[in-house]
Every structure is written in structure tokens, then in C-alpha cells.
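Report on the structure
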Amino acid sequence: MNVKLMSYNTQHCLNFLTRNIDFDVIADTIKKCEADVIGLQEIRDQGQDAQYQPQAKIIAEKLGYPYYYFAEAIRFDGVNPYGNAIISRYPIRSAETILIPDPEIKKYDGYYETRCLLKATIDAGRGLTVLVSHFGLNPDEHENAVETVVSHIPKEHCVLMGDFNMKPDNRILDP
């Protein structure tokens, strides 16, 4: 079975032309790519503030895809969930959220944010493990993210996708 995969940093479904949240433009982009399984980064879920809606669910409904899972990394202001998600045309057998440890000592002056790894098993033929993540901005966050990913990669039928916030030739990705 062929499965078409897509990774998409939605920046919380922001339309850059109108500067508004726009679920239709996100869903239309995914439709044009004809993806079966989509890993999303920078996604909001139902929160206290009006802008915090269940974005993965809304996009999945617009696509007509019955399966989705939201993986919370943080809660802004303690009440507004934010993280990664997966949307699938195929059944999600299992899904879990694995927090990426924050660096114990922050070595850089940059912005730090707790991140997570979404691990899902998709029922697509033989079974497929999909890992979705959005790495932090600093090298010490990158190191923790790579270590977390490596410790959760199964031996076969696995795809890693996401926004890694570094170039593909970065030595931190060697493992």
C-alpha cells in the first residue's frame, strides 16, 4: 500500500495574507497535496481563549478524514493548549505524547519553549509508526529532541517528520 505523507507547520492556522486564522486555506493546501497522513506543527487545541479551538479536529473534518490526534506540548497562560497533531485517512491504532525534556541549564540567550514528540501507529497495510515533532530553537534543545526521537524510533516501518529548526546537515542530527 502506498501512503502519501505530509508535514506542515501551520503557525496555528494563520493565513499570512489576511493575518487571520483560516482553516479553509490549510485544508485546501493539504487537499492539493493529496496527503493521506499529515503531521502538523504549531497547532492549538480547545482552550480558554476564543482563538484556542480544536484545530486538528476542524481540519480533519474539513478534509473528511475521520482520524486525528492532538499532542500537547505546552499550555500558554496555563489554559491554552499548543503542540503537534496528526490527521489520517487511515485508522490510528495508538497515539501518545512524549515530552522532550527542557535543558536543565539554558546555555543560550534565545527563546526556550517546551516541545513534544507525537508517536502514532497508523493502520496502513503492515502498520506504520509516524513520529511528529517541532524542535526548539537552541542547540541544547536540539540535542534533547534528537535524543528523545532516537529513543522512540522502532526498528522498521517508521517515518519521522516535523519542523526541526535546523539545516539537514547539522551534526546534531547525526544519531
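In case you missed it, the structure is sitting above this.
Please read all numbers here as calculations on a predicted model, not as lab measurements. As a convention, each chain's residues are numbered from 1 in the sequence order in which they are written. pLDDT decides what is reported in this predicted model: residues at 70 or higher carry local features, side-chain atom pairs at 80 or more are listed and counted, and totals for whole chains, interfaces and linings draw on all residues regardless. Note that water and hydrogens are dropped before the side-chain values are worked out from all heavy atoms of the structure.

Here's the deal with the overall build of the chain
Here is the rule: Strands are runs of DSSP state E lasting at least two residues, helices are runs of H or I lasting at least four, and both sets are numbered from the N terminus onward. Atoms considered for the radius of gyration are the C-alpha atoms alone. The globule rule reads 2.2 Å times the number of residues to the power 0.38. Under the scheme applied here, a residue whose accessible area is under 20% of the maximum for its type counts as buried, over 50% as exposed, and between as partly exposed, the area being computed with a 1.4 Å probe on protein chains only. Residue contacts are counted whenever heavy atoms from the two residues lie within 4.5 Å of one another.
Each helix and strand counted, the chain has three helices and 10 strands in total. Each helix (α) and strand (β) of the chain, taken in turn from the N terminus, gives the series β-β-β-α-β-α-β-β-β-β-β-α-β. In terms of C-alpha radius of gyration, the chain reaches 16 Å, essentially the compact-globule figure of 16 Å for 175 residues. Taken along the three principal axes of its C-alpha coordinates, the chain extends 45 × 40 × 25 Å. Taking all 175 residues of the chain together, 46% fall into the buried category. When contacts within the chain are restricted to residue pairs at least 6 apart in sequence, long-range pairs at least 24 apart make up 66% of them.

Observations concerning the sheet that holds strand β10 (residues 158-163)
For clarity, the threshold we go by: By the convention used here, strands pair only if DSSP detects at least 2 bridges between them. Lines are fitted to the C-alpha atoms to define the axes, a helix being fitted only along its stretch in contact, and any angle between axes, read from their N-to-C directions, falls within 0 to 180 degrees.
Spatial ordering of the open sheet is given by β7-β8-β9-β10, a layout of four strands whose pairing is mixed. Only two strands of the sheet have a single partner each, and these edge strands are β7 (92-100) and β10. When strand polarity is set aside, the average angle formed by the axes of neighbouring strands in this sheet is 15°. Bridge count between strand β9 (residues 128-134) and β10: six bridges; the pairing is parallel. In the sheet register, Val132 faces β10, and the bridge partner there is Met161.

Here we look at the nonpolar core
Note the cut-off: We call a set of buried residues a nonpolar core when its members are Ala, Val, Leu, Ile, Met, Phe, Trp, Tyr or Cys and they connect through side-chain atoms within 4.5 Å of each other.
Counting residues in hydrophobic clusters, the biggest one holds 20 residues, and the most contacted among them are Ile30, Ile38, Leu40, Ile43, Ile59, Leu63 and Ile87. If you list the elements that add at least two residues to this core, you get β1 (5-9), α1 (23-33), β4 (37-44), α2 (55-63) and β6 (80-88). Here this core gets five residues from one element, more than from any other, and that element is α2. What Leu40 contacts, discounting residues up to four positions off in sequence, is Tyr8, Thr10, Ile30, Ile59, Asn84, Ala85, Ile87 and Val132. Ala71, Ile86, Ile122 and Leu128 belong to the second largest nonpolar core, which has 17 residues in total.

Quick word on the sheet that holds β4
The four strands lie next to each other as β1-β4-β6-β5, forming an open sheet whose pairing is mixed. Of all the strands in the sheet, the pair left with one neighbour each is β1 and β5 (67-76). Across the sheet, the mean angle from the axis of one strand to that of its neighbour is 15°, orientation sign disregarded. Here β1 runs beside β4; their pairing, made up of five bridges, is parallel. Note that in β4 the partner of Leu5 across the bridge is Val37. Packing of α1 onto the sheet brings it into contact with β1 and β4, and relative to β1 it is tilted by some 155°. Strands β4, β5 and β6 of the sheet are contacted by α2, whose axis makes an angle of about 140° with β4.

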